[in-house]
Amino acid sequence: MAAVDPDGGHSRGAPIPNHAARFSRRLESWLLVIALLILIAVCMILFPQFRTSALFIAMINAQSLTLLLALCATVVLRVGDFDLSIPQTMVATAALVVLLTKAGLPLPFASAVGLLLGLAVGALNALLVVRVGVDSFVATLGSFTALSGIAWLLTDNRVIVGVPPVLIDLARGRLFNLPLITWYAWALMAALWYLYEMTPLGKYMLFIGGNRNAARLCGIPVQGIRVGAYIASGVLASLIGILFTGYFGAVDPGAGSQFMLQPFAAAFLGATAVSVGRFNSVGTAVALYFLTVGITGLQLFGAQTWVTNVFYGVALMVAVTAAKLAGSLRR
Amino acid sequence: MALEDFSFEVRAGEIHALLGQNGCGKSTLVKSLTGVVRPDGGSATLFGRELQFPITSPGKQGIAVIHQDVGVVGSMTVMENLGVVANYGAGLLSPIQSGSERATYSSLMRQLGISLDLDAYASTLSPAERTFLGVVRAMRIAGRSAQDHLFILDEPTASLSKPEAGKVLQLMRRVADLGAAVIFISHRISEVFQACDRVTVMRTGRDVAHRKTADVSRAELLTLMLGRRLDDMFPSPPDHALGPSRIATRRLSGRVLRDIDLEVAAGEVVGIAGLAGMGQEEMPLLLSGAMQPVGGGFALDSRDVSFRSPGDAIAAGIALVPRDRLRDGIWTDGTAQENLTLPVLPANFMKGFLRHARLRRHAVETLDGVAVYPARPDFPMSAFSGGNQQKVVFAKWLQLRPKVLLLDEPTQGVDPGAAKQLLDHAMDAAASGAAVLILSGDFELLAAVCHRVLMVQHGHIVSELMRADLSEQAVMDACDVGQKAFSVLA
């Protein structure tokens, strides 16, 4: 060991460094991946359907939109705030874009307007939370609710059909037998991984989420990054909204609340994996697939559809509790 | 095992000091006495009564602890904060009898010789008054009478200025005179000599010495605490010719500070002293871009500058070690490496990727260089003692070779061994040409390490002591004299 401790070898709480401690710390971060692999193995043993690639492809595709939303959620979560308006920004943008194209506006312009909506929502959230200092949970819950009202207004409370074929191909076109939307989700995961792990901005975001005061005094442009996070979140949610139209081929204005729980559950569960206690992209994906495999297994077992939310809720509670306990044991 | 064969004896009516480095077992001892931790063996008697371990309700047993962080809710009144530990004198759902509550507290405060406005909001209390609140609250739990009770004060004066600390020490004396036994835990050896009758020194979980304070010297206590000689408690400032003016303020004003004109040269160590609330706390914030001046300005290397954010100041070569380490200095859940390498991340971002291996190597070297123990960059900051945390903060800034080093209470919550190392680093920075500005309530520290010390009263610089005239007493007198002058005017 390098330095001799003038304290006499008893620093508060620091465990004596050894290989076992380092190994168990690494183990903790890969726990969710291991859990996922074990779960898949168990399901493959129990259910013949799990031994077909068709089921895996179906599961992955069904979750692509949720994965996109979950990844989008990690951006603002990482800087220590909430953005609950994401699912509703998605739906409102989807409705807006389809209605504009049906009214005759060329698709690129309609999409641009849709993205502007996302920008506006992000800017409004940023104004309330960063400038005024309103609690982010409450403020974005407010924008979520306002946006759902706007979606109802735009669609006159009806499901809108008539999505331009271009958008449908954009989401459902196939590449190596997987729909494009799945590839977009993976691409976003990789892009966010790069941002979070490989750039100073990703580290600054972590610091802001960890201790905003200290981050500011260390020279990090805290307000700027927080505003940027909300705007990025809003624009990203709009982009997902455009994909939403092609994915479903129709826009149901009431769909927003269905996509509320799952993305955030995956993001929080993912924060316990890979980089423990920190919102990250790969962990979020692993968490989402873990939850999906679990639910599919339960459904094959004969469980009813309500089991989905129960499973999500319980898995989330168990995981974050375990992560918290593991964290405090480490200290 | 954090404690081993620990035995000591505290007498009624005495203030007994417990001295020891961080990690020596003091907090484990306190936790054992308050039931948080269960000792593996041994026994304890309190005023003749044998204590049963684990201690289930320390209050009923006659043991009360006042922690450094008294646990006060600023938006509630003093009376509401006092009554919280005793169910406000009523059952859980029964109505609170505010009349009898007031009477109880008034009589307790009379006994102790203090007075607090029961209806004032706790946020208006000074730090010393918060400690008073803690003591009154503790007396309430102990059953309203100090006799046959043990009061443990855990670093009550750590964040207090000298005069405020004096008031707390007086209160401790009152409590002891009422018949209680008082254990006083502190890093400030001068206070131990000032207020305590006897002292026990702990080291690595054992009691290594019991002495009467009258019979022991400071050097001896330090040697006992550290297990080796510490020749000088504080380093001296570099003895060299001073360079050109590094930082010069011109009628700088903040919310409390008014028209401050001060100048620090390259290689100079200047101290700032003042009672709490006198405005000197704004100085480091104004100079580092954390707070915008209300008036006036300052120059860096003889060129006028104005910083809109801490980032601007850091880029210009100014480093601030903030007062409240946990709130403003570190990210406790982050690793030592993450905290340490934050300012140099852009320099390690090459060809589009953060160089993690390089960052780790840099972190290991730097941690070793400032003798952080353990030198493990992957440990979270919460795993390090206060002294080691502060070393990480120092290292974070010193690696940038700042032109100006602003230290706000740098040794607060830091054990003496680590404090000396930190101040050595500050002196080294001065020797290489940095201008160092130190704010501290530890007048002995200021007298030892500064070339000169400025006194701040009600937002103004009222006096200056040059090295030849510097001593702890001189600084204290300078603060008091100013205070008397103002109280005559008021």
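For clarity, every value in this text was computed on a predicted model and none was experimentally measured. (Residues numbered from 1 in each chain as written. Chains lettered and ligands numbered in written order. Predicted model: local features only at pLDDT ≥ 70, side-chain atom pairs only at ≥ 80, totals over all residues. Heavy atoms only, no water.)

**Description of the environment of B:Met466**
Residue and element names in this part refer to chain B. This is how it is decided: Per the convention used, a helix needs a DSSP run of H or I reaching at least four residues, while a strand needs a run of E reaching at least two, with both numbered from the N terminus. Here the term buried applies to any residue with accessible area under 20% of the maximum for its type, exposed to any over 50%, and partly exposed to those in between, with areas from a 1.4 Å probe on protein chains only.
Within the fold, methionine 466 resides in strand 20 (residues 460-466). Using a relative accessible area of 43% as the deciding quantity, one classes methionine 466 as partly exposed. Separated by 196 residues in the primary sequence, methionine 466 and valine 270 have C-alpha atoms spaced 9.8 Å apart.

**Quick look at helix 6 (residues 162-177) of chain B**
The α-helix advances 3.6 residues per turn, and as a result positions three or four apart in sequence lie on the same side. All names here are of chain B. Which entries qualify depends on this criterion: A helix is expected to span 1.5 Å multiplied by its residue count minus one.
For helix 6, built from 16 residues, the straight-helix expectation of 22 Å at 1.5 Å per residue is met to within 8% by its first-to-last C-alpha distance of 22 Å. Residues of helix 6 that are buried include every one of Lys162, Glu164, Ala165, Gly166, Val168, Leu169, Leu171, Met172, Val175 and Ala176, and no others. Residue glycine 179 follows helix 6 closely and has a positive phi angle near 110°.

**Considering the nonpolar core**
Rules: The set of buried Ala, Val, Leu, Ile, Met, Phe, Trp, Tyr and Cys residues whose side-chain atoms join them within 4.5 Å is what this entry labels a nonpolar core.
Membership of the largest hydrophobic core comes to 225 residues, with the highest contact counts inside it found for A:Ile220 and B:Phe151. Counting residues in each nonpolar core, the second largest holds 19 residues, with B:Cys24, B:Leu46, B:Ile63 and B:Ile185 among its members.

**Examining the pattern of salt bridges**
Once their charged atoms are close, side chains differing in charge can pair, the charge on each being opposite to the other. Residue and element names in this part refer to chain B. As a reminder, the rule being used: The working definition used for a salt bridge is a side-chain nitrogen of Lys or Arg within 4 Å of a carboxyl oxygen of Asp or Glu.
All told, the structure shown has 23 salt bridges over all chains when counted by the stated rule. Between glutamate 164 and lysine 167 there is a salt bridge whose closest N-O contact spans 3.9 Å. Taken together, the residues span about one helical turn, with glutamate 164 and lysine 167 both in helix 6 at a distance of three residues. On the accessibility criterion, lysine 167 (43% relative accessible area) is partly exposed. Note that lysine 403 is salt-bridged to aspartate 301, the shortest N-O span being 3.5 Å. Taken as a pair, lysine 403 in the loop between helix 14 (386-398) and strand 17 (404-408) and aspartate 301 in the loop between strand 12 (295-300) and strand 13 (303-305) lie far apart in primary sequence, 102 residues in all.

**Looking at the environment of B:Thr28**
Residue position: B:Thr28 is located in helix 1 (residues 26-33). For B:Thr28, a relative accessible area of 23% corresponds to the partly exposed category.

**Focus: helix 5 (residues 127-141) of chain B**
Residue and element names in this part refer to chain B. Note the cut-off: Contacts were defined at the residue level, with two residues in contact if any of their heavy atoms lie within 4.5 Å.
The end-to-end C-alpha distance of helix 5, which contains 15 residues, comes to 22 Å, matching closely the 21 Å that a straight helix rising 1.5 Å per residue would cover. Buried residues dominate helix 5, accounting for 11 of its 15 residues. Packing partners of the buried residues in helix 5 comprise strand 4 (63-66), helix 3 (78-83), helix 4 (98-112), strand 5 (150-154) and helix 6.

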